[in-house]
Amino acid sequence: MMLGRAKYLAQIILVGAQVVGRAFMRALRQEFAASRAAADARGRSERPQSAAASRIIGISLQEAQQILNVSNLNPEEIQKNYDHLFKVNDKSVGGSFYLQSKVVRAKERLDEELRIQAKDEKEKGWKAET
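Residues numbered from 1 in each chain as written. Predicted model: local features only at pLDDT ≥ 70, side-chain atom pairs only at ≥ 80, totals over all residues. Heavy atoms only, no water.

## What about helix H4 (residues 75-88)?
Every α-helix carries 3.6 residues per turn, so stepping three or four residues along brings you back to the same face. Where we set the bar: Helix numbering and strand numbering both begin at the N terminus, where a helix is a DSSP run of H or I of at least 4 residues and a strand a DSSP run of E of at least 2. To estimate the expected span of a helix, count its residues, drop one, and scale the result by 1.5 Å. Whether a residue is buried, partly exposed or exposed follows from its accessible area with a 1.4 Å probe, protein chains only, as a fraction of its type maximum: under 20%, in between, or over 50%, in that order. Read the arc as the range of directions from the helix axis to the C-beta atoms.
With 14 residues, H4 should reach 20 Å at 1.5 Å per residue; the first-to-last C-alpha distance of 20 Å fits that figure. Residues of H4 that are buried include every one of Ile 78, Asn 81 and Tyr 82, and no others. Take H4 and look down its axis: the buried residues cluster within an arc of 105°, on one side only. Seen from the open side of H4, the exposed residues pointing more than 90 degrees away from its buried face are Glu 76, Lys 80 and Lys 87.

Here it is as structure tokens:
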């Protein structure tokens with residue numbers, strides 16, 4: 001009698017674990033698919049060089065613009081906002097090192113985008129001359 005109950009309990013636990021395992025795997029596959037779709041969409045919205053810069057630096061162009069509060073790629077405005085945000089987030093004045101590092105990464109990303117744009121413009125000018 002006791003052996004029958006133990007066997008029945010073991011079967012319930014086994015079936016429960018299988019159900020939870022399947023649900024977990026299904027959720028994991030959905031998350032991977034959503035992540036892949038988001039990465040593909042992000043890659044399509046940016047030029048190949050720009051998308052590569054986003055992957056290398058780890059921050060998208062849009063996120064960098066939001067962090068530094070710039071709507072267009074004006075080097076003077078970027079530098080002004082960077083200087084201000086870097087100073088107010090300095091740890092010695094009670095700021096956050098994490099936020100300061102985000103500001104630095106945003107500036108690096110925008111500088112890279114400016115470099116890419118300058119290179120593209122130079123190549124277009126060079127092709128127009130030939």
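Okay, back to it.
## Structural notes on the nonpolar core
Among soluble globular proteins, nonpolar side chains are generally buried collectively. Put simply, the test is: Residues belong to a common nonpolar core when they are buried Ala, Val, Leu, Ile, Met, Phe, Trp, Tyr or Cys residues joined through side-chain atoms within 4.5 Å. Contacts are residue-level and defined by heavy atoms, with any inter-residue pair within 4.5 Å sufficient.
If you look at the biggest cluster of nonpolar residues, it comprises 11 residues: Ile 59, Leu 61, Ala 64, Leu 68, Val 70, Leu 73, Ile 78, Tyr 82, Val 103, Ala 106 and Leu 110. Of all elements in the fold, only helix H3 (61-68), H4 and helix H5 (97-129) reach the threshold of two or more residues within this core. Those residues within four positions of Leu 68 in sequence are excluded, and the remaining contacts are Ile 78, Asn 81, Tyr 82, Leu 85, Val 103, Ala 106, Lys 107 and Leu 110.

## With respect to the pattern of salt bridges
Put simply, the test is: What makes a salt bridge here is a side-chain nitrogen of Lys or Arg within 4 Å of a carboxyl oxygen of Asp or Glu, nothing more.
Using the criterion set out here, one finds 5 salt bridges in the structure. When the shortest N-O distance is used, the salt bridge between Lys 102 and Glu 63 registers 3.4 Å. Linking Lys 102 in helix H5 with Glu 63 in helix H3, this pair joins segments that are 39 residues apart in sequence. By relative accessible area, which is 26% here, Lys 102 ends up partly exposed. With its nearest N and O atoms 2.7 Å apart, the salt bridge here joins Asp 111 to Lys 107. With Asp 111 and Lys 107 both in helix H5, this residue pair falls 4 residues apart, about one helical turn.

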